[in-house]
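# Residue-level structure breakdown
This is what each chain is made of:
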Amino acid sequence: MTTAIPGFDYQRVTVDGTVTLNVAVGGAGSPIVLLHGFPQTHLMWRHVAADLATDHTVICPDLRGYGASDKPPADDAGTYAKRTMAADVVALARQLGHERFALAGHDRGALVAVRAGLDHSRTITHLAALDVLPTLDMWEVLRGEGAAVAFHLYLMAQPPGLPEQLIGASADAFFGYFLDLWGGDPRAIPAEIRAEYLAASRAAVPSIVADYRASAGIDVEHDRADRAAGNRLAMPVTVVQQDWGAALGYDAEGLWRAWAPDLDHRTTSAGHFLAEAAPGEVVAALRALLARRSD
């Protein structure tokens, strides 16, 4: 890694005895953990993290399988289950001295955040999800013609072998496609940051595919079990996302409210990479979330 969040200290923290995460920590005050999305690293939070660090302890890890964090082989379905990745985050915060903390995630990181909120409801004080649907709902709405916008989900859901081979053969073209397609203002991800994302993703094809494959299998099983049991997110939740519901014909706020009774749902025109394209909007949403009462 050649780029860092200015003013943040970098550490490597072992979270389960075998997997070590790369993490940037800055600021002082009540803790908030920020989880990145695809195809990015913790650097996507560089603007938001700097602002929040004026009065919070801000913790920005690379998820397992991404960036400079360890990339264990997917020996079983649980290796990249969001349940496992959520446990990583809880263990990381505890190692840094925080038994309870706020949690925000974008894209893949948001799915990890939701699972952490369901599995560790007394640990997560506040939860934010940026531009994603819960895993089970995502698969239920992405059908027919609308599924074309998410072809990568179906590709990486296939059994091990072909997806890794296809993506690995054209990694920069594959990952760069999403950086370009999903971006709004091209200035939001400058050339040096884009190069960091591509290099990190190029070096992590098997683990990234395993993460997505888990979302088509074991993660759905976990969500279905929670839905059947009536488990919901007990903490204040904020969701900020593009208005895909209007475009694809579903009620995004309604889907989220079924999981999160204490919900602030917002739509954005800043594009998928909103933490980089509109950091002020994201900071405002997170600060409003943190101001809400949590048990």
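Located above this text is the structure these notes cover.
Here's a quick rundown of the structure. (Residues numbered from 1 in each chain as written. Predicted model: local features only at pLDDT ≥ 70, side-chain atom pairs only at ≥ 80, totals over all residues. Heavy atoms only, no water.)

## Points about the packing of aromatic side chains
Summed over the entire model, instances satisfying the criterion amount to 12 aromatic pairs. With centroids separated by 5.2 Å and ring planes inclined at 80°, the aromatic side chains of F174 and F175 adopt a geometry described as edge-to-face. Of the two residues, F174 and F175, both sit in the buried class. Cluster of aromatic residues (ring-pair linked, three or more members): F38, F151, F174, F175, Y177, F178, W182, Y212 and F273. (Phe/Tyr/Trp six-rings, centres within 6.5 Å; stacked < 30°, edge-to-face > 60°. Buried < 20%, exposed > 50% of the residue type's maximum accessible area, 1.4 Å probe, protein only.)

## So, helix α12 (residues 252-259)
If you check which residues of α12 are buried, you get A252, W256 and W259. The buried residues of α12 occupy an angular sector of 50° when the element is viewed end-on, so they sit on one face. Residues of α12 that are buried make contact with α3 (108-119), β6 (124-130), α4 (135-141), α10 (218-229), β7 (237-241) and β8 (263-267). One side-chain oxygen at the N-terminal end of α12 lies 3.4 Å from the backbone nitrogen of E253; it belongs to D251. (Helix = DSSP H or I, 4+ residues; strand = E, 2+ residues; numbered from the N terminus. Arc of directions from axis to C-beta. Contact = heavy atoms within 4.5 Å. Polar contact = N/O pair within 3.5 Å; in protein donor to acceptor, adjacent residues only side chain to side chain.)

## So, the packing of helix α2 (residues 82-95) against α3
The interhelical angle for the contact between α2 and α3, taken along N-to-C directions, is 80°, at an axis separation of 8 Å. Considering the angle they form, α2 stands roughly perpendicular to α3. In this structure, α2 uses K82, R83, M85, A86 and V89 to contact α3, whose residues at the interface are R108, L111, V112, R115, A116 and D119. Its residues placed into classes, the contact of α2 with α3 shows six nonpolar, no polar and five charged. (Axes fitted to C-alpha atoms, helices over the stretch in contact; angles between N-to-C directions. Parallel < 35°, antiparallel > 145°, perpendicular 65-115°, else oblique. Nonpolar A, V, L, I, M, F, W, Y, C, P; charged D, E, K, R; others polar.)

## Comments concerning helix α14 (residues 279-290)
Helix length check: α14 (12 residues) gives 16 Å between terminal C-alpha atoms against 16 Å at 1.5 Å per residue, within 8%. Of the residues making up α14, those classed as buried are V282, V283, A285, L286 and L289. Taken around the axis of α14, the buried residues stretch over an arc of 165°, which confines them to a single face. (Expected span 1.5 Å × (residues − 1).)

## Remarks on the pattern of salt bridges
Under the definition given, this model contains 23 salt bridges. Close ionic contact of D262 with R292 constitutes a salt bridge, the shortest N to O distance being 2.9 Å. Here the residue D262 occupies a position in the loop between α12 and β8, and R292 occupies one in the segment after α14, the gap between them amounting to 30 residues. Ionic contacts of the salt-bridge type, sharing partners, join the residues R83, R115, D119, D223 and D226 into one network. (Salt bridge = Lys/Arg side-chain N within 4 Å of Asp/Glu carboxyl O.)

## A few points about unusual backbone geometry
Cis geometry is adopted by the peptide bond preceding P39, which originates at F38 and carries an omega value of -5°. With respect to the secondary-structure elements, P39 resides in the loop between β3 (30-35) and α1 (46-52). The residue D107 is not glycine, and still its phi comes out positive at about 60°. Positionally, D107 belongs in the loop between β5 (101-106) and α3. Given the relative accessible area of 9%, D107 is considered buried. Even without a glycine there, the phi angle at D131 is positive, about 55°. In this fold, D131 is placed in the loop between β6 and α4.

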